[in-house]
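# Descriptive analysis of the structure
Below are the chains, spelled out letter by letter.
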Amino acid sequence: EAGVTQFPSHSVIEKGQTVTLRCDPISGHDNLYWYRRVMGKEIKFLLHFVKESKQDESGMPNNRFLAERTGGTYSTLKVQPAELEDSGVYFCASSQEGGTIYNEQFFGPGTRLTVL
Amino acid sequence: DQQVKQNSPSLSVQEGRISILNCDYTNSMFDYFLWYKKYPAEGPTFLISISSIKDKNEDGRFTVFLNKSAKHLSLHIVPSQPGDSAVYFCAACSNTGKLIFGQGTTLQVKP
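Residues numbered from 1 in each chain as written. Chains lettered and ligands numbered in written order. Predicted model: local features only at pLDDT ≥ 70, side-chain atom pairs only at ≥ 80, totals over all residues. Heavy atoms only, no water.

## Focus: the sheet that holds strand S3 (residues 19-25) of chain B
An order of S1-S3-S8-S7-S6 (chain B) is seen for the five strands of this open sheet, with the pairing classed as antiparallel. Looking at the sheet topology across the chains shown, the edges are occupied by strand S1 (4-5) and strand S6 (56-59) of chain B. (Pairing = 2+ DSSP bridges. Helix = DSSP H or I, 4+ residues; strand = E, 2+ residues; numbered from the N terminus.)

This is the structure in structure tokens:
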């Protein structure tokens, strides 16, 4: 079974440009999370989808970030316009729905975003 | 305000010895904790977890201890192996399912 995949693995853009990150969760996983790790610090929560609905977007830094999950399958995270402080590694994770909230989250390899 | 803290950025141990990684948290409402392991250029992978109703959980060479009164947990790896060299993240699971991570501790196990 394929794990969580993310595309691209690495993106280098100029300040002010737009970048779209994509995450494909494990098939059948209704929960999809986005996290970010900046400059070797802690991994910070950005938002949580349950199917196509945003369950919690309390970690989104500002309105330059837009996440979507149309159809409840893959998700995209768009940064427009990108700023220097957006540089970091963006991780996506997915988990099954139902039972307990402590369902294991499986992480993708991350997208390393560099804003110059 | 960081709710989960790992105050040691790095740890170096000799192969075969014990590795002890520490983690502190501030929110007494947290009731489930996890350790994730991360290799370079990979995403974090789940290692072991513990519920607040327990004070110890063991899985092979890995044991997690929880001290609720001190709001402290630790991960013990015995015996340590070179393949254990990685970044270890402590995390608390909120009641909405999101994970709140510490900064990570880089473990180096020397042959």
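## Points about the side chain of Arg37 of chain A
Mapped onto the fold, Arg37 of chain A is located in strand S4 (residues 31-37). Nearest to the buried, unbridged Arg37 of chain A among oppositely charged side chains is Glu42 of chain A, at 7.5 Å. From its side chain, Arg37 of chain A meets the backbone oxygen of Lys41 of chain A in a polar contact 2.6 Å long. Setting aside its immediate chain neighbours within four residues, Arg37 of chain A contacts Glu42, Ile43, Gly88, Val89 and Phe91 of chain A together with Phe89 and Gln103 of chain B. (Buried < 20%, exposed > 50% of the residue type's maximum accessible area, 1.4 Å probe, protein only. Lys, Arg positive; Asp, Glu negative; His and termini not counted. Salt bridge = Lys/Arg side-chain N within 4 Å of Asp/Glu carboxyl O. Polar contact = N/O pair within 3.5 Å; in protein donor to acceptor, adjacent residues only side chain to side chain. Contact = heavy atoms within 4.5 Å.)

## Brief notes about the environment of Asp24 of chain B
Residue and element names in this part refer to chain B. On the secondary structure map, Asp24 appears in strand S3. Placed 66 residues apart in sequence, Asp24 and Cys90 show a C-alpha to C-alpha distance of 8.8 Å. In this view, Asp24 contacts Gln3, Val4, Lys5, Asn7, Lys71 and His72; residues no more than four positions away in its chain are not counted. For Asp24, the side chain forms a polar contact with the side chain of His72, separated by 2.8 Å.

## Quick word on the sheet that holds strand S7 (residues 65-68) of chain A
Pairing between the strands of a sheet comes from backbone hydrogen bonds, and it takes one of two forms, parallel or antiparallel. Residue and element names in this part refer to chain A. With antiparallel pairing, the four strands of this open sheet are ordered in space as S1-S3-S8-S7. Pairing within the sheet leaves two strands with one partner each, and these edge strands are strand S1 (5-7) and S7. In this sheet, neighbouring strand axes are inclined to one another by 15° on average, regardless of whether the strands run parallel or antiparallel. Bridge analysis of strand S3 (residues 19-24) against strand S8 (residues 75-79) gives five bridges, and the strand direction is antiparallel. Looking across to S8, one finds that Arg22 is bridged to Thr76. (Axes fitted to C-alpha atoms, helices over the stretch in contact; angles between N-to-C directions.)

## Focus: the interface of chain A and chain B
Opposite the 19 residues of chain A that make contact, chain B presents 21 residues. A buried area of about 1,600 Å², summed over both sides, lies between chain A and chain B, and 61% of it is on carbon and sulfur atoms. Connecting chain A to chain B are one salt bridge. Between Lys98 of chain B and Asp56 of chain A there is a salt bridge; the shortest N-O distance is 3.9 Å. Listing elements by their share of the side of chain A that touches chain B, those giving two or more residues are S4 and strand S5 (43-50) of chain A. (Buried area = accessible area lost by both parts, 1.4 Å probe.)

## Notes on the state of the cysteines
Across all of its chains, the model carries two disulfides over all chains by this definition. Disulfide pairing places Cys23 of chain A opposite Cys92 of chain A at an S-S distance of 1.8 Å. The disulfide joining Cys23 of chain A to Cys92 of chain A has a torsion of about -60° about its S-S bond and is therefore left-handed. Of this pair, Cys23 of chain A sits in strand S3 while Cys92 of chain A sits in strand S9 (residues 88-95); the two residues are 69 residues apart in sequence, bridging distant segments of the chain. The buried category is assigned to Cys23 of chain A, whose relative accessible area is 0%. Classification of Cys92 of chain A by relative accessible area gives buried; the value is 0%. For Cys23 of chain B, the disulfide goes to Cys90 of chain B, at an S-S distance of 2.0 Å. (Disulfide = S-S within 2.5 Å.)

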